[in-house]
Amino acid sequence: QVQLVESGGGLVQPGGSLTLSCVASGRLFRINDMRWYRQVPEMERELVASITSGGGAYYVDRVAGRFTISRDNAKNTVYLQMNRLEPEDTATYYCNADLEIQSMYGYSGTNSWGQGTQVTVSS
């Protein structure tokens, strides 16, 4: 019923920038908090940034000051602007969202994940 699709990943040199996008579609009623996670093979998936429906943002210490999360509610889209990228930022980045979807009996809360987009920071 709901799909999250990430885009914008790629290869970038250290110190460079990338902007990731995540678009939600389907029988959406409302999107609440949206988040970006990242994961390296064999490692735990970690939260990178989150944003409330009103625009309040949170960042983990490792990216604070370099990354900016934003959203366009009219487009059901969340962005992650990544600046001054470091090799340590290399990972698969996943979009996550708390949302309400249409059901037979009204609306239900759910949590959805995108399939990820690869970010590689290397010279």
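This structure is a prediction, so every number in the text was calculated from the model and none was measured.

**What to know about the pattern of salt bridges**
This model, assessed by the stated rule, comprises five salt bridges. A salt bridge links D89 to R66; the shortest N-O distance between them is 2.8 Å. Residue D89 is found in the loop between β8 (77-82) and β9 (91-103), and its partner R66 is found in the loop between β6 (57-59) and β7 (67-72); the two are separated by 23 residues along the sequence. Per residue, the accessibility class of D89 equals that of R66, and both read buried. The network of salt bridges with shared partners includes R38, E46, R66, E86 and D89.

**Observations regarding the sheet that holds strand β1 (residues 2-7)**
Taken together, the four strands give an open sheet; going across it, the order is β1-β3-β8-β7, and neighbouring strands pair in antiparallel fashion. The outermost strands of the open sheet, each flanked by one partner alone, are β1 and β7. Looking at each pair of strands side by side, their axes are set apart by 15 degrees on average, direction ignored.

**So, the packing of aromatic side chains**
In the structure shown here, the tally under the stated rule is two aromatic pairs. Their ring planes at 55 degrees and their centres at 4.9 Å tell us that Y37 and W113 sit as a pair that is tilted. In this pair, Y37 is assigned in strand β4 (residues 28-39) and W113 in strand β10 (residues 106-113), connecting sequence segments 76 residues apart. R45 extends its terminal NZ or CZ atom over the ring of Y94, reaching a point 3.7 Å from the ring centre. When the ring centre of W113 is taken as reference, the NZ or CZ atom of R45 above it lies at 4.8 Å.

The rules behind each value
- Starting afresh in each chain, residues are numbered from 1 along the sequence in its written order.
- Confidence filtering applies because this is a predicted model: local features only for residues at pLDDT of at least 70, side-chain atom pairs given and counted only at 80 or more, and all residues used for totals across whole chains, interfaces and linings.
- Remark: hydrogens and water are excluded; side-chain values derive from all non-hydrogen atoms of the structure.
- Between Lys or Arg on one side and Asp or Glu on the other, a salt bridge is scored when a side-chain nitrogen of the former is within 4 Å of a carboxyl oxygen of the latter.
- Elements are defined by DSSP. Helices are runs of H or I of four residues or more, strands are runs of E of two residues or more, and each kind is numbered from the N terminus.
- Summary of the burial criterion: residues with accessible area below 20% of their type's maximum are buried, those above 50% are exposed, and those between are partly exposed, where the area comes from a 1.4 Å probe applied to protein chains only.
- Two strands qualify as a pair provided that DSSP identifies no fewer than 2 bridges between them.
- Every axis corresponds to a line fitted to the C-alpha atoms, with the helix fit spanning only the stretch in contact, and the corresponding angles, defined between N-to-C directions, vary from 0 to 180 degrees.
- Two rings belonging to Phe, Tyr or Trp (six-membered ring only in the last case) form a pair when the distance between their centres is within 6.5 Å. Interplanar angles under 30 degrees mark stacking, angles over 60 mark edge-to-face geometry, and anything in between is tilted.
- By the criterion adopted, a ring carries a charge over it if an Arg CZ or a Lys NZ lies within 6 Å of its centre and within 35 degrees of its normal.

Such coordinate-based values are descriptive only and should not be taken to indicate function.
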